[in-house]
Amino acid sequence: MFCALVVLGATGLAPATAASAGQNAFTLSSTAFANGGVMPKVHECTSGGGQDPAKRNESPPLAWSGAPAAAKSYAIVMRDLDNANLIHWVIYDIPVTATSLPQNVEHAYRPSVPAGARQIYYRGSASLYGYQGPCSPSTVNTYEFVVHALDRASLTSLTSSSSTQTAARAITAASLGTARISGES
């Protein structure tokens, strides 16, 4: 049996070890919260009518590594998994040289950082370009951030008037791989 494993390993058919697989895995993380952890109030929406100064509707810092080598750009889609997968944020045309987003990406169609990126207009409890934080005053919901490695440098079919659903479909169609992180709020 040991010989068979050695032979399989020598032919490359044996599964990779956890250590070698982990080094090449596409991962997404945040310094603001652990995967499955509680998102800080600073990332919650300000449109609920409350006056809590801790709620500032700032996007969390995100970082990724291990993306597919063929990636030509990135996109991030944030969804509320407990509210019919409501899309809260779409940012795309993130340059392939980027490996992170800072906290509080500017609420603009073309934010200054990362240069070249574009964001979809959020139509819901707030009307703005970019990030719309968790707005669940009476329940705790799970919010998922997914970074997509894309097969093209730009999603030219999307415009400043594209919907979040249209953008999410275009991103999925161009995706070479994904990494995700979720937070509770």
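Definitions and cut-offs
Residues numbered from 1 in each chain as written. Predicted model: local features only at pLDDT ≥ 70, side-chain atom pairs only at ≥ 80, totals over all residues. Heavy atoms only, no water. Pairing = 2+ DSSP bridges. Helix = DSSP H or I, 4+ residues; strand = E, 2+ residues; numbered from the N terminus. Contact = heavy atoms within 4.5 Å. Axes fitted to C-alpha atoms, helices over the stretch in contact; angles between N-to-C directions. Salt bridge = Lys/Arg side-chain N within 4 Å of Asp/Glu carboxyl O. Buried < 20%, exposed > 50% of the residue type's maximum accessible area, 1.4 Å probe, protein only. Core = buried A, V, L, I, M, F, W, Y, C linked by side-chain atoms within 4.5 Å. Disulfide = S-S within 2.5 Å.

J.: Sorry, what's going on with the sheet that holds strand β1 (residues 27–29) here?
T.: Two pairing modes exist for strands in a sheet, parallel and antiparallel, and in both the strands are linked by backbone hydrogen bonds. Pairing in this open sheet of three strands is antiparallel, and the strands run β1-β3-β6 from one edge to the other. The sheet is open, and its two borders are formed by β1 and β6 (100–101), each paired with just one other strand. Here two bridges tie strand β3 (residues 62–65) to β6, and the two strands are oriented antiparallel to one another. Paired with Ala-63 across the two strands is Ser-100, which belongs to β6.

J.: Is there a simple way to think about the sheet that holds strand β10 (residues 142–150) in this case?
T.: Strand order in the open sheet made by the six strands is β2-β11-β10-β4-β5-β7, with mixed pairing throughout. At either end of the open sheet lies a strand with only one pairing partner, and these are β2 (37–38) and β7 (118–119). Sheet analysis places β10 next to strand β11 (residues 175–184), joined by nine bridges and oriented antiparallel. In the strand pairing of β11, Glu-144 is matched with Ser-182. Helix α3 (residues 164–174) rests against β4 (73–80), β5 (86–95), β10 and β11 of the sheet, and its axis sits at about 50 degrees to β5.

J.: Looking at this structure, how should I read the pattern of salt bridges?
T.: It is possible for side chains of opposite charge to pair when their charged atoms get near one another. Under the definition given, this model contains six salt bridges. Of the charged contacts in the structure, one is a salt bridge between Arg-56 and Glu-58, with a shortest N-O distance of 3.2 Å. Given a relative accessible area of 46%, Arg-56 falls into the partly exposed group. One salt bridge connects Arg-118 with Asp-93, and the closest N-O pair in it is separated by 2.7 Å. Linking Arg-118 in strand β7 with Asp-93 in strand β5, this pair joins segments that are 25 residues apart in sequence.

J.: What am I meant to see in the nonpolar core here?
T.: Generally speaking, a soluble globular protein has its nonpolar side chains buried in company with each other. With 24 residues, the main nonpolar core has Trp-64, Ile-76, Trp-89, Ile-94 and Phe-145 as its most contacted residues. Put simply, the parts of the chain that give this core at least two residues each are β3, β4, β5, β10 and β11. The element contributing the most residues to this core is β10, with four residues. Residues contacting Trp-89, with those up to four places away along its chain left out, are Ser-59, Leu-62, Ile-76, Val-77, Met-78, Leu-101, Val-105, Gln-119, Gly-130, Tyr-131 and Phe-145. Grouped together as the second largest cluster of nonpolar side chains are 15 residues, Val-77, Ile-120, Leu-155 and Ala-167 included.

J.: Even after reading the chapter, I still don't get the state of the cysteines, so can you show me in this structure?
T.: By definition, a disulfide links two cysteine residues through a covalent bond between their sulfur atoms. Counted according to the given criterion, the structure contains one disulfide. What pairs with Cys-45 in a disulfide is Cys-135, and their sulfur atoms sit 1.9 Å apart. Placement of the pair is Cys-45 in the loop between β2 and β3 and Cys-135 in the loop between β9 (127–129) and β10, with a sequence separation of 90 residues.

J.: Would you take a moment to explain the pairing of β10 for this structure?
T.: Residues in a regular strand point their side chains to alternate faces of the sheet. Most of β10 is tucked away: nine of the nine residues are buried. The alternating pattern of β10 places Thr-142, Glu-144, Val-146, His-148 and Leu-150 on one face and Tyr-143, Phe-145, Val-147 and Ala-149 on the opposite face, and all of these are buried. Strand direction decides the pairing type here: β4 and β10, joined by eight bridges, are antiparallel. Bridge pairing in β10 links Arg-79 to Glu-144.

J.: Is there a simple way to explain unusual backbone geometry in this structure?
T.: For residues other than glycine, phi is negative in most cases, and the peptide bonds are mostly trans. In this model, Val-113 is joined to Pro-114 through a cis peptide bond whose omega is -5 degrees. Inspection of the secondary structure puts Pro-114 in the loop between β6 and β7. For Asn-104, which is not glycine, the phi torsion reads 65 degrees and is therefore positive. On the accessibility criterion, Asn-104 (37% relative accessible area) is partly exposed.

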